Amino acid sequence: MKKSNGFDPLRVFVGTSPSGEDAEACMVFERSLRSRASVPLEVTWLRLSPDETSPCYSRAGAGWRTELWSTPWTALRWAVPEICGWRGRAVYFDCPTIVLGDVAELGRAPFPRGAFALLRWTGTALGTACAVFDCAEAKKHLQLVEVMRADPGAHQAVGVLLERHPKLVGPLPGDWGSIDAEVALRPARAPLGGSVHFPSPYTQPHAARALARLSRGGRAHWHDGVRLPHYCARLVDLFE
């Protein structure tokens with residue numbers, strides 16, 4: 001098989017919680033990803049780790065500082081190019097995502113000149129739940145992991161960089177990186193493709209199963225806020 005950007009298989013990274021809190025979302029994600037992929041995949045789960053040799057190392061007072069993160073994996077996505085040795089192409093997803101297209105499309109999506117990431121414009125901000133990285137180009141703009149992980153605002157700092165220098169970002173093709181709220185507004189029979197991300201922990205469809213499992217083991221989920229049924233029956237049915 002022809003290699004993609006010098007690498008075969010296609011490297012896919014997935015941000016997730018460190019202790020299996022979102023296992024149900026991860027299983028649905030991987031099933032949906034692999035069942036539609038036309039190329040070999042190398043899937044890496046990005047989760048905080050107590051291993052000092054890991055790029056995801058974090059513990060009290062050392063490693064990644066997570067005080068300002070909205071999820072347990074928020075800033076880890078920006079470590080992907082360095083994890084790849086600053087070479088080739090890599091794809092990133094947040095775990096509460098259903099893949100509805102062939103990820104090979106992201107493996108061959110064109111980058112505008114000078115861009116190091118392909119992201120989705122949501123209408124008000126850049127969405128980072130699905131991203132494609134030109135790892136070599138990213139080396140020119142992203143800080144090293146050892147620098148980023150000491151900064152609790154590392155994720156926000158990258159956001160500021162991209163806002164100030166929009167040419168560093170190109171658009172994701174098609175419906176890749178879509179969010180549930182925009183998909184819910186489409187006609188019921190409209191075809192679905194790309195990927196659908198469920199950004200709000202209040203309405204994620206995997207939560208009921210995850211909370212029940214964790215409760216049986218005397219454990220809690222990292223999100224301890226109110227949980228509500230998801231508002232789009234079509235997407236719930238798709239998840240199920």
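Summarised in this report is the structure supplied together with it.

Conventions and cut-offs
- Residues numbered from 1 in each chain as written.
- Predicted model: local features only at pLDDT ≥ 70, side-chain atom pairs only at ≥ 80, totals over all residues.
- Heavy atoms only, no water.
- 1 Å grid on protein atoms, 1.4 Å probe; cavity = no way out; pocket = protein on both sides within 12 Å on 5 of 7 lines; lining within 4 Å.
- Points joined across faces, edges and corners; volume = space filled by probe spheres on them.
- Nonpolar A, V, L, I, M, F, W, Y, C, P; charged D, E, K, R; others polar.
- Helix = DSSP H or I, 4+ residues; strand = E, 2+ residues; numbered from the N terminus.
- Pairing = 2+ DSSP bridges.
- Buried < 20%, exposed > 50% of the residue type's maximum accessible area, 1.4 Å probe, protein only.
- Contact = heavy atoms within 4.5 Å.
- Arc of directions from axis to C-beta.
- Phe/Tyr/Trp six-rings, centres within 6.5 Å; stacked < 30°, edge-to-face > 60°.

## Details of empty space enclosed by the protein
One pass over the full model with this rule turns up one cavity of 30 Å³ or more. Considering only enclosed or pocket space, the largest cavity measures out at about 40 Å³ in volume. Every residue lining the largest cavity is listed: Ala 25, Val 28, Pro 96, Thr 97, Ile 98, Phe 198, Pro 205, His 206 and Phe 239. A breakdown of the residues in the lining of the largest cavity according to their chemical character gives seven nonpolar, two polar and no charged.

## Focus on the layout of surface pockets
Considering only enclosed or pocket space, the largest pocket measures out at about 620 Å³ in volume. In terms of lining, the largest pocket is formed by 30 residues, of which the most central are Leu 126, Gly 127, Thr 128, Ala 129 and His 155. Counting residues per element, the ones that place at least two in the lining of the largest pocket are β7 (117–121), β8 (126–134) and α6 (154–164). The element best represented in the lining of the largest pocket is β8, accounting for five residues. Here the residues of the lining of the largest pocket are counted per class, giving 14 nonpolar, twelve polar and four charged.

## Some thoughts on the sheet that holds strand β6 (residues 97–99)
Taking strand neighbours across the sheet as the criterion, the three strands line up as β6-β11-β10 in an open arrangement whose pairing is mixed. Looking at strand neighbours, the two that pair on one side only are β6 and β10 (178–179), the edges of this open sheet. Bridge analysis of β6 against strand β11 (residues 195–197) gives three bridges, and the strand direction is antiparallel. Within β11, the residue paired with Val 99 across the bridge is Ser 195.

## Things to note about the pairing of β7
Most of β7 is tucked away: four of the five residues are buried. Sheet topology note: the β7/β8 ladder contains four bridges and is antiparallel. For Trp 121, the partnering residue across the bridge sits in β8 and is Leu 126. Hairpin geometry of β7 and β8 is characterised by an intervening segment of four residues between the two adjacent antiparallel strands and by a positive phi of about 110° at Gly 123. Where β7 meets strand β9 (residues 169–171), three bridges bridge the pair, whose relative direction is parallel. Residue Leu 119 lies in a different strand from β9, and its bridge partner there is Pro 171.

## Here's the deal with the side chain of His 206
Structurally, the position occupied by His 206 is in the loop between β11 and α8 (207–216). With residues near it in sequence (within four places) discarded, His 206 still touches Asp 22, Glu 24, Ala 25 and Phe 239.

## Thoughts on α8
Residues that lie three or four places apart on an α-helix share one face, since the helix turns once every 3.6 residues. Taken together, the buried positions of α8 are occupied by Ala 207, Ala 210 and Leu 214. The arc enclosing the buried residues of α8, seen along the axis, measures out at 65°, which places them on a common side. Facing away from the buried side of α8, by more than 90 degrees, are the exposed residues Ala 208, Ser 215 and Arg 216.

## Some words on the packing of aromatic side chains
Applying the stated criterion across every chain yields a total of six aromatic pairs. With a centroid separation of 5.2 Å and an interplanar angle of 55°, the aromatic rings of Phe 29 and Phe 93 are classed as tilted. With Phe 29 in helix α1 (residues 23–36) and Phe 93 in strand β5 (residues 89–94), this pair connects stretches of sequence that are 64 residues apart. Owing to a relative accessible area of 0%, Phe 29 belongs among the buried residues under this scheme. One aromatic cluster is present, formed by Phe 29, Trp 45, Phe 93 and Trp 176 through successive ring pairs.

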